[in-house]
Amino acid sequence: MGRLKLRSGIKAIEEEPEECETTSSNKAALACIINSEIGAVLAVMRRNVRWGGRYMSGDDQLEHSLIQSLKGLRKQIFSWQHPWHTLNPSIYLQPFLDVIRSDETGAPITGVALSSVFKILTLDVLDLNSNNVEDALHLVVDSVTSCRFEVTDPGSEEVVLMKILQVLLACMKSKASAMLTNQHVCTIVNTCFRIVHQAGSKGELLQRIARHTMHELVRCIFLHLQDVNYTEGSLVKGTSSVKQELVGIDNDYNFGGKLENGNGSAQYDNLPSSISLVSNAPGGLVTVVVDDSTVRTGTGKDAVPYDLHLMTEPYGVPCMVEIFHFLCSLLNVVEHMEMGPRSNTIDFDEDVPLFALRLINSAIELGGPSIRQHPRLLSLVQDELFRNLMQFGLSTSPLILSIVCSIVLNLYHHLRTELKLQLEAFFSCVILRLAQSRYGASYQQQEVAMEALVDFCRQKLFMVEMYANLDCDITCSNIFEDLANLLSKSAFPVNCPLSSMHILALDGLIAVIQGMAERINNGSVTRDPAVVNFEEYTPFWMVKCDNYNDPEHWVPFARRRKYIKRRLMIGADHFNRDPKKGLEFLQGTHLLPDKLDPQSVACFFRYTAGLDKNLVGDFLGNHDEFCVQVLHEFAGTFDFQDMNLDTALRLFLETFRLPGESQKIQRVLEAFSERYYEQSPQILANKDAALLLSYSLILLNTDQHNVQVKKKMTEEDFIRNNRHINGGNDLPREFLSELYHSICRNEIRTTPEQGLGFHEMTPSRWIDLMHKSKKTAPFILADSKAYLDHDMFAIMSGPTIAAISVVFDHAEHEDVYQTCIDGFLAVAKISACHHLEDVLDDLVVSLCKFTTLLNPSSVEEPVLAFGDDTKARMATVTVFTIANAYGDFILAGWRNILDCILKLHKLGLLPARVASDAADDSELSPDPGHGKPLANSLSSAHIPSTGTVKRSSGLMGRFSQLLSLDTEEPRSQPTEQQLAAHQRTLQTIQKCHIDSIFTESKFLQANSLLQLARALIWAAGRPQKGNSSPEDEDTAVFCLELLIAITLNNRDRIVLLWQGVYEHISSIVQSTVMPCALVEKAVFGLLRICQRLLPYKENLADELLRSLQLVLKLDARVADAYCEQITQEVSRLVKANATHIRSQMGWRTIASLLSITARHPEASEAGFDALLFIMSEGSHLSPANYVLCIDAARQFAESRVGQADRSVRALDLMAGSVACLAKWAQETRESSGEAEALKMSQDIGEMWLRLVQVLRKVCLDQREEVRNHALLSLQMCLTGVDGVHLPNGLWLQCFDLVIFTMLDDLLEIAQGHSQKDYRNMEGTLVLALKLLSKVFLRLLHELSQLSTFCKLWLGVLSRMEKYMKVKGRVKKSDKLQELVPELLKNTLIVMKTRGVLVQRSALGGDSLWELTWLHVNNIAPTLQSEVFPDQDSVQLQPNEGQTGGGQETVSDPNATASAKDTQGG
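Residues numbered from 1 in each chain as written. Predicted model: local features only at pLDDT ≥ 70, side-chain atom pairs only at ≥ 80, totals over all residues. Heavy atoms only, no water.

Asker: Please explain the overall build of the protein chain as it appears in this structure.
Answerer: The secondary structure content of the protein chain amounts to 62 helices and 4 strands. Relative to its full complement of 1465 residues, the protein chain shows a buried share of 54%. Here the analysis covers contacts within the protein chain between residues at least 6 apart in sequence; of these, 76% occur between residues at least 24 apart. With an accessible surface of roughly 62900 Å², the protein chain has 49% of that area assigned to carbon and sulfur atoms. (Helix = DSSP H or I, 4+ residues; strand = E, 2+ residues; numbered from the N terminus. Buried < 20%, exposed > 50% of the residue type's maximum accessible area, 1.4 Å probe, protein only. Contact = heavy atoms within 4.5 Å. Areas by Shrake-Rupley, 256 points an atom, 1.4 Å probe, with all protein chains shown as cover.)

Asker: Explanation requested: the pattern of salt bridges in the structure shown.
Answerer: Where charged atoms of side chains with opposite charge meet at close range, the side chains can pair. One pass over the structure, following the stated rule, counts 40 salt bridges. Across the salt bridge formed by Arg519 and Asp789, the nearest N and O atoms sit 2.9 Å from each other. With a gap of 270 residues between them, Arg519 in helix H19 (residues 500-520) and Asp789 in helix H31 (residues 789-810) connect regions that are remote in the sequence. As far as the burial class goes, Arg519 and Asp789 line up, both buried. Where Glu661 meets Lys664, a salt bridge forms, and the shortest distance between an N and an O atom there is 3.9 Å. Judged by relative accessible area, Glu661 falls into the partly exposed class, the value being 47%. (Salt bridge = Lys/Arg side-chain N within 4 Å of Asp/Glu carboxyl O.)

Asker: Teacher, can you tell me more about the side chain of Asn726 here?
Answerer: Structurally, Asn726 can be placed in the loop between helix H28 (715-721) and helix H29 (733-745). Among the polar contacts listed, one links the side chain of Asn726 to the backbone oxygen of Ile683, at a separation of 3.1 Å. (Polar contact = N/O pair within 3.5 Å; in protein donor to acceptor, adjacent residues only side chain to side chain.)

Asker: Hey, could you run me through helix H5 (residues 107-121) in this one?
Answerer: Since the α-helix packs 3.6 residues into each turn, any two residues three or four apart lie on the same face. A rise of 1.5 Å per residue sets the reference length of H5, with its 15 residues, at 21 Å; its end C-alpha atoms lie 21 Å apart and thus fit the reference within 8%. Within H5, 12 of the 15 residues are buried, leaving the element largely enclosed by the surrounding structure. All of the buried residues along H5 are Ala107, Ile109, Thr110, Gly111, Val112, Ala113, Leu114, Ser116, Val117, Phe118, Ile120 and Leu121. (Expected span 1.5 Å × (residues − 1).)

Asker: Hey, could you run me through the environment of His1140 in this one?
Answerer: For His1140, the location among the structural elements is in the loop between helix H47 (1116-1137) and helix H48 (1144-1157). When the C-alpha positions of His1140 and Glu1098 are compared, they lie 6.5 Å apart, and in sequence the two are 42 residues distant. The residues contacting His1140, other than those within four sequence positions of it, are Leu1094, Pro1095, Glu1098 and Ala1101.

Asker: Explanation requested: the packing of aromatic side chains in the structure shown.
Answerer: Working definition: an aromatic ring pair is given by the centre-to-centre distance plus the angle between the planes. Under the counting rule described, the total for this entry stands at 41 aromatic pairs. A network of ring pairs unites the aromatic residues Phe634, Phe638, Phe640, Phe652, Phe656, Phe672 and Tyr676 as a single cluster. The cationic tip of Arg211 hangs over the ring face of Phe355; the distance from NZ or CZ to the ring centre is 4.9 Å. The ring of Phe1300 is capped by Arg1359, whose NZ or CZ atom sits 4.4 Å from the centre of that ring. (Phe/Tyr/Trp six-rings, centres within 6.5 Å; stacked < 30°, edge-to-face > 60°. Lys NZ or Arg CZ within 6 Å of the ring centre and 35° of its normal.)

Asker: Where do I start with helix H26 (residues 662-679) in this structure?
Answerer: Compared with the 26 Å implied by 1.5 Å per residue over 18 residues, the 26 Å span of H26 between its first and last C-alpha is a close match. What H26 keeps buried is the set Lys664, Ile665, Val668, Leu669, Ala671, Phe672, Ser673, Arg675, Tyr676 and Gln679. Those residues of H26 that are buried are in contact with helix H23 (613-621), helix H24 (625-635), helix H25 (645-654) and helix H27 (687-705).

Asker: What should I look at first to understand the environment of Met179 in this one?
Answerer: One can find Met179 in the loop between helix H7 (154-173) and helix H8 (182-198). Considering only alpha carbons, one finds Met179 and His138, 41 residues apart in sequence, at a separation of 8.7 Å.

Asker: How do you make sense of the environment of Val1208 when you look at a structure like this?
Answerer: Within the secondary structure layout, Val1208 lies in helix H51 (residues 1204-1216). Residue classification places Val1208 among the buried residues on the basis of a relative accessible area of 11%. Taking C-alpha positions, Val1208 is 7.9 Å from Glu1265, a pair spaced 57 residues apart along the chain. Beyond its immediate sequence surroundings of up to four residues, Val1208 is in contact with Glu1265 and His1269.

Asker: What's the story with unusual backbone geometry in this structure? I'm lost.
Answerer: For residues besides glycine, phi is generally negative; the peptide bonds are generally trans as well. Even without being a glycine, His724 presents a positive backbone phi close to 60 degrees. Locating His724 in the fold gives a position in the loop between H28 and H29. For His724, a relative accessible area of 52% translates into the label exposed. The phi dihedral of Thr852 falls on the positive side, at around 65 degrees, and the residue is not glycine. Tracing the sequence through the fold places Thr852 in the loop between helix H33 (837-850) and helix H34 (862-868).

Asker: What exactly am I supposed to notice about the nonpolar core here?
Answerer: Proteins that are soluble and globular tend to have nonpolar side chains buried together. Counting residues in each nonpolar core, the largest one holds 467 residues, and the members touching the most others are Phe324, Phe605, Ile897, Phe998, Trp1248, Ile1299 and Phe1336. Per-element accounting of this core gives the leading share, 13 residues, to helix H55 (residues 1288-1312). When sequence neighbours within four positions are dropped, the list of residues in contact with Phe1336 reads Phe1295, Leu1343, Phe1349, Leu1352, Trp1353, Val1356, Thr1387 and Met1391. (Core = buried A, V, L, I, M, F, W, Y, C linked by side-chain atoms within 4.5 Å.)

On their own, these measurements won't tell you what the molecule is for.
Structure follows, in structure tokens:
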């Protein structure tokens, strides 16, 4: 056998026998080879009596010229000195060719001679540099195609024919084949085809070889189309100076060629005769003769002869056009063939077209895009070829349909820009008809059509280009939409099991989806396409694109056109219900002008699919002037150029239903005739002739095709009826005859098909299509970016998800599962990237159904059942893969996902980390003791025990449970299958990465995050008082854990979540009356959120802290159960975030929580610890929290829980806080303005007053130690406020509200309670009186200036008087009896010294003096004489009194000293 060798010269594929490998330089070897071939021919000739006998007889007769020439060549070959390539090849080929042409030689001799020529052709001797190679090749072709021989037996005849094929193919594959002329190439192909035809009556082998050779010839010829010099149309450039005279439009190759042969002729445009090209001559010779005289072909009705020189040029486009046209004409043959009995083993119905189609496919595969550069070839493809493909596409033969689809796929690849409308027609009239059983196609046809469609779908840009070019064109059908719907419907198994057809359709659907998914990575994803809107009227049929190659231009253009098309369809729907409202709707959308004009309405009728053709016909036939104008404009939209009258009339009447009234018919036909005559006036004299003939055709149509007409009109009748209508003259008889037969064969349907069905391609429609193709918008070539994918996916997403879901549901094989899963993931990716949240939600809902997790559990061991269900496991992994990858765009779907998670939780299959928050890993708590409040932490997936067996949580818990035998009922050891199923379940859950949904929730987009939180709240259900089941509570707890986890993970977006989270926790807290896990999670979760978020969200601090008031609303039993832990958490919160709590409201909440703990045995220590942290050394005290902290400290001071020592410490905290007041006062004076300082000073005064009031209350405590310490603390606060400038009025308030009230209350306690209740009250009273005396004397100077000083002083005296007289339960107090006079005396001395107490006037005008002694005398009558020894108590000396003076001297030095001591104390 040979090997394939790529020759660089003309890139030919050559089969070169290995045994013949040699080089031209080895002259001796070549001479030997040729010598051996001569010997072989002579040897065969000698075996024949005719040749052998003459040679051996010894007669003097000369040898035959054939033998002589062979022997002469033998003598020369070894004597040639020149290189072989300089020799004329004809010298060593001629003797063999003579044998081939001779009609005296038999088949064996001719066969050997042909073998010799073949061998020489394959020796690499002949190339473009060889001398006279052109003549030599022509000689070979002419000789072989004129081969003659005697047929002795059928076998030898077939051998010769095979060798002829072999030699002709070798000529085409030779390095020198470029020197062959167009005519010779056509001759070679013609000869091969004759043999193909003749082989039909021969053996199978010859048939196969002949067809293979024809195939190789076509491949070899069209392979060189890309090398053709376009200007000269040949492979060899510059070899001829013959000027090409090109005739026809665009200087196209509009030539012909008719090859006349000895016993038959081939006329390419009318091929029935070509089927009998080869016939046996009377003498038994097979004759193949070519007459060089004429080269002409008919390429249609207007064949134009070519200059003979063009066909004698080196071959190129002319011969390719001839061959391609010939192959197309082979398809036309079938229409005209009258089938008869044949000897061919292959059915002719399939054989000839299949053979021709395969050759055409090869030509297109190799010619490829180069066809576009040659208008003649291109027009053959656009018209004749595609017309035949449309016809054969509907063939019942699956083989023919398959090759037709392959050709169209190749044409799409190479020439789609030139075949826009042809492709639309192919898909509408072939693929979409055959792929659906309702149009009567067989299963085989459906399958082949579906396979072809899937092949197209696998071309990444096919659907995009269909959408951009056809769906977005108002004059074209919605091919993308129709194909997508077809695939979706075809994938649906309706009441039947899943078949290969369903899977095939699914493959196509998923190929389209995956193409979109891949384009997302290439950029240009239109996340939110601009809404197209028409602000003003624009003629919709005139919308143009500035640049069809630039996406910046064609993408918005395509969207605009699609918008127009959709609006027109809606308008058509309105029009069909009410024409007036339909037109008004389009005016409202600015597709028609506000004032209707005839042209716009006519274009609406012409270009809008789906209109009711009866209504259109009635409108156009109306006598109203506007309707008549619309009718003429409507007719003007048709192109009847060079169109037969019946064809034009068919096209016109297809667009509407011809009205029944004669007047309407006349108006319609008048408009038609006017337009037709305007464009095609060749035969008709005027438009009246066109009108009369149109009427005549309508009448003929009715006559021929109405069953009620019994007597049919004859051709003669029709011709007679149309006499003298052409301007008084007759129309040509042939013209009328053609019209008559056309109408008889093919009815004009005056009631055209309604709706958007897939029409049959009729000849008239094809003619119209070719007219339109010249005017249609350029084909848009898409690139690999996702410009229109958003719009396309929005159209097909719903049916696609439904189709994939149904197949997934019905499928039983894992490879089909995987295909569906790939589709689901692609849909998810596209939905997410194009922001189609609704689609993604639908997908999630659909997938969740397949997880089986949402089904009511009817099996005993759902975990094992899940492990055995591959489909459910794959669906589960897919759901969570989508949730993790595209969670940003899931909204309503979160509910379904959570349902799945909850089911896994109930089965104990979730990892323990699911509900934990990422902050646990990423942040270290400042407090080493910080942790979860309870053992059952927020991250545990706790499942309450519902039976005798405790259900474990977590993956390994389930596994160990499976292995567990520690139950009341003995359980058998699990089988290997069960263990394997369980292992598969665990692996599936691990692949899901469910925890990532929550830990990575901080990356979710806001809307999706909000929906996730709402879904968690929804899944948790509404808390109910006391009657929820353990399982419901467990679910609610788990959902709450997840809610808290995502809240903590999204601290930067807490505003988004907070309201929902707070309301949920609030409803739990307020509806719970008994301690339970749910309320525990709620409370501690709330505290944890506050702890974690306070440092980061100062603007939300108040909101967060206010939420803690929920704790105060807890039912008493619940609060009591968790008080200690709550307090610990509050304490942690305070210690970690004290600096972040700035508002009074926030501190009020904290203080309230701490205050409550003061009386709780377990919680009080932690509460006081937090308060100590705040108030110790005033580190975290501020004007905002001062009063609140003081009140809280009072609670601890008064609390009897714990040791009295803590109460004392609380009092110390209060007393120590005065320093803060002084510090704030100092800071205010130094840094603030007057107004601000005044305000702050008032605030500080109020805080101080509140402090001393609180201490006053503690002074009444039953415990002596606390009571007395409170008095000392109060004294400290009253006397240690030098740094705080308190107004005098505040001091008066202090005496009234604090000091006097305290003294009165203490006195009341002392007199009204037993010693058991209040131990040692006497000591307390002593301290209280001393406090009174010290404070009064300390403030004496300031107070004495006040107008109410007298009242204040009398208040002091009256308390002393009361204390002097105080009695306990048994006796008077000795200590007080001693203390009161002493304190009073000191006070009086100081007052005297300060000049406060002096006699100022006589005659009873000095009330202070008189009242003082009135009271003093009641206490100690001798004091006046002791303090004022020089004055008489009754008679005063007026001259000695001075107002406010301090001039008197104290006579008793001891008294003075005592007074100073008292003041200083």
